[in-house]
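Listed below, chain by chain, are the residues.
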Amino acid sequence: MEQETVLAQAGTRTDPGTGALSTPLYQSATFRHPALGESTGYDYSRTANPTRTALESSLAALDGGSRACAFASGMAALDAVFRLVRHDERRRVVVTEDPYGGTVRMLDQLFQHYGLHPTYVDTSDNGAVEAELARGGVALLLVEFPTNPLLRVADIAALAQAARRVGALFAVDNTFLTPYLFRPLEHGADIAVYSATKYLGGHNDVVAGAVVCRDADLGQQVAYIQNAAGAILGPMDSWLLIRGLKTLAIRMDRQMDNALAIAEFLSTHPHVQAVRYPGLAGDPGHDLLLRQAKGCGAVLSFEVDDPDRVRAILKGVEIFSFAESLGGVESLITYPAVQTHADLAADVRDRLGINNRLLRLSVGIENINDLLHDLKTVLE
Ligand code: PLP
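Note that the structure is a prediction, hence the values are computed from the model and not measured.

A. Quick peek at the pattern of salt bridges. A full pass over the atoms with the stated rule returns 14 salt bridges. Between R214 and D190 there is a salt bridge, and its shortest N-O distance comes to 3.0 Å. Taken together, the residues R214 in the loop between β7 (209–213) and α8 (216–229) and D190 in the loop between α7 (178–181) and β6 (191–195) connect sequence positions 24 residues apart. Take D190: its relative accessible area is 18%, and that puts it in the buried class. Of the charged contacts in the structure, one is a salt bridge between E303 and R357, with a shortest N-O distance of 3.0 Å. Residue E303 is found in strand β9 (residues 299–304), and its partner R357 is found in the loop between α13 (346–352) and β12 (358–362); the two are separated by 54 residues along the sequence. What makes E303 buried here is its relative accessible area of 9%. Owing to a relative accessible area of 19%, R357 belongs among the buried residues under this scheme. Three or more residues are tied together by salt bridges with common partners; here these are E97, D98, D122, R152 and R351.

Have a look at this one:
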């Protein structure tokens, strides 16, 4: 079955009791046991809830994984992935050097205190990753694909092989592309991790996360962590996510069309010095991304010529909202240096190019002429 069909029919499709097409919302914390030693399969909603199960089955099918677990946020999903690292002799985690700032905060400020050692590398450079892995002691390689906000592109199959050679788990944060455009597990990743708050939900109305595992045993370990640590996605939010999934394909198609038109417009604008969007034919990641994925997503970033212009842009936009997040139907504009990436050290931000002239756009489904007019107006 094609992804569009799996998406449109996400959820249970039929409730045996009533025939309801929409997945019922089981807003119940606990479930009555028929008799001692008997269970309907549901006992207590931290462990499993039928609405969440319907969502998790759809997420596993979309990524071709054996098991998916839905979490209260993308950070809770990443937290579960980091908790998989339990070796005594392997305590290193190798991570993309320009990931979402919260990933860096979680590793540097939380997991470092529990003996995990993060190292940040340019994961668009296979040689740099291999050199880090060769230093030994690596339990997990985590790659953001493409990176946030610089949209750099990694070679996932090559990195999967490199991770396998040293016995490290390989996780891909696939938040930006979603399984509609890219299925990391098919390219050798062990784990796909998501901020489902973004495209999977798609309406800026739910905070959620997901972990999908290729291997059943690993999936069981994540489910154990999900139940033991308890950062589950509630029934209502699971229901909202199922509803969001149904339109992911058409939302993403429209968002990508709009993103490309905006990237082309910005590329020729006199006040714009650089545009980063792998969908542009001249972008350094263009060919590599399209060799692996069905499309380039709808996040792009651009540098204006003068930092003093940023304040006026953020205040002046009317269709774009100046807000943190991405992936929803409404277009957003973000200032990474002071918002999403404030937790990166200043020297790292400077070296990477996350400077005070860089703005990130999450392009929505609005009419393209309105979006272009908004940007034209604030750039004048
Ligand atoms: N991963 C990526 C790539 C993100 O952009 C984000 C949030 O922006 C997260 C993870 C964290 O997700 P959440 O905000 O749902 O906790």
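B. Expanded view of the layout of surface pockets. The computed volume of the largest pocket comes to approximately 350 Å³. Residue contributions to the lining of the largest pocket peak at 3 residues, all from helix α3 (residues 74–83). In terms of residue class, the lining of the largest pocket is built from 6 nonpolar, 8 polar and 5 charged.

C. Broad picture of the nonpolar core. Ranked by internal contacts, the top residues of the largest apolar core, which has 88 residues, are F145, F170, I262, L266, L300, F302 and L361. Among the elements that make up this core, the one with the highest residue count is helix α10 (residues 248–267) (9 residues). Those residues in contact with F302 that sit more than four places away from it in its chain are L266, V272, A274, V275, R357, L358, L359 and L361. If you look at the next biggest cluster of nonpolar residues, it comprises 28 residues, including A77, A139, A171 and C213.

D. Structural detail: the sheet that holds β12. The strand order β8-β9-β12-β11-β10 describes an open sheet built from 5 strands, whose pairing is mixed. Each edge of the sheet is formed by a strand with only one pairing partner; in this case those strands are β8 (272–276) and β10 (321–322). Of the strand pairs in this sheet, β9 and β12 are connected by 5 bridges, and their pairing is antiparallel. Its bridge partner being in β12, S301 is matched across the sheet by R360.

E. Focus on the site of the ligand. Of all residues adjacent to the ligand, which total 13 residues, the nearest are G74, D173, S195, T197 and K198. N148 is positioned such that a nitrogen or oxygen atom in its side chain is 3.5 Å from an oxygen atom of the ligand. Here an oxygen atom of the ligand sits 2.8 Å away from a polar atom, N or O, in the side chain of K198. One can see that the ligand is located within the largest pocket.

F. Molecular detail of the packing of helix α2 (residues 50–63) against helix α9 (residues 235–245). Remark: α2 packs on α9, axes separated minimally by 8 Å, with the N-to-C direction vectors making an angle of 35°. As α2 runs across α9, the sense of the crossing is left-handed. Note on element contacts: α9 touches α2 through P235, S238, W239, L241, I242 and L245, opposite T51, R52, A54, L55, S58, L59 and L62. Its residues assigned to classes, the contact of α2 with α9 shows 9 nonpolar, 3 polar and 1 charged.

G. Representation of helix α4 (residues 101–110) in the model. Within α4, the full set of buried residues consists of G101, G102, T103, V104, M106 and L107. At its buried positions, α4 is contacted by α3, β2 (92–96), β3 (117–121) and β4 (138–144).

H. Local environment of a negative patch on the surface. A cluster of acidic residues, E2, E4, D253 and D257, forms a negative patch at the surface. Locating E4 in the fold gives a position in helix α1 (residues 3–8). Residue classification places E4 among the partly exposed positions, given a relative accessible area of 36%.

I. Main features of the packing of aromatic side chains. As enumerated under the stated definition, the model contains 3 aromatic pairs in all. Look at F31 and Y42: their rings are 5.7 Å apart centre to centre, the planes differ by 45°, and that puts the pair in the tilted class. A residue pair is termed long-range when its members are at least 10 positions apart, and F31 in the loop between α1 and α2 and Y42 in the loop between α1 and α2 qualify at 11 residues. Ring plane angle 65° and centroid distance 5.5 Å describe the contact between F82 and F111, whose orientation is recorded as edge-to-face. With F82 in helix α3 and F111 in the loop between α4 and β3, this residue pair connects regions lying 29 residues apart in the sequence. Under the relative-accessibility criterion, F82 is labelled buried at 1%. Classification of F111 as buried rests on a relative accessible area of 9%.

Reading the values: the criteria
Residues numbered from 1 in each chain as written. Predicted model: local features only at pLDDT ≥ 70, side-chain atom pairs only at ≥ 80, totals over all residues. Heavy atoms only, no water. Salt bridge = Lys/Arg side-chain N within 4 Å of Asp/Glu carboxyl O. Helix = DSSP H or I, 4+ residues; strand = E, 2+ residues; numbered from the N terminus. Buried < 20%, exposed > 50% of the residue type's maximum accessible area, 1.4 Å probe, protein only. 1 Å grid on protein atoms, 1.4 Å probe; cavity = no way out; pocket = protein on both sides within 12 Å on 5 of 7 lines; lining within 4 Å. Points joined across faces, edges and corners; volume = space filled by probe spheres on them. Nonpolar A, V, L, I, M, F, W, Y, C, P; charged D, E, K, R; others polar. Core = buried A, V, L, I, M, F, W, Y, C linked by side-chain atoms within 4.5 Å. Contact = heavy atoms within 4.5 Å. Pairing = 2+ DSSP bridges. Near = heavy atom within 4 Å. Polar contact = N/O pair within 3.5 Å; in protein donor to acceptor, adjacent residues only side chain to side chain. Sits in = over half its atoms within 2 Å of the grid points. Axes fitted to C-alpha atoms, helices over the stretch in contact; angles between N-to-C directions. Left-handed = near helix turned anticlockwise from the far one by under 90°. Patch = residues over 30% accessible without salt bridge, like charges linked within 9 Å, V, L, I, M, F, W, Y side chains within 5 Å. Areas by Shrake-Rupley, 256 points an atom, 1.4 Å probe, with all protein chains shown as cover. Lys, Arg positive; Asp, Glu negative; His and termini not counted. Charge placed at Lys NZ, Arg CZ, Asp CG, Glu CD. Phe/Tyr/Trp six-rings, centres within 6.5 Å; stacked < 30°, edge-to-face > 60°.

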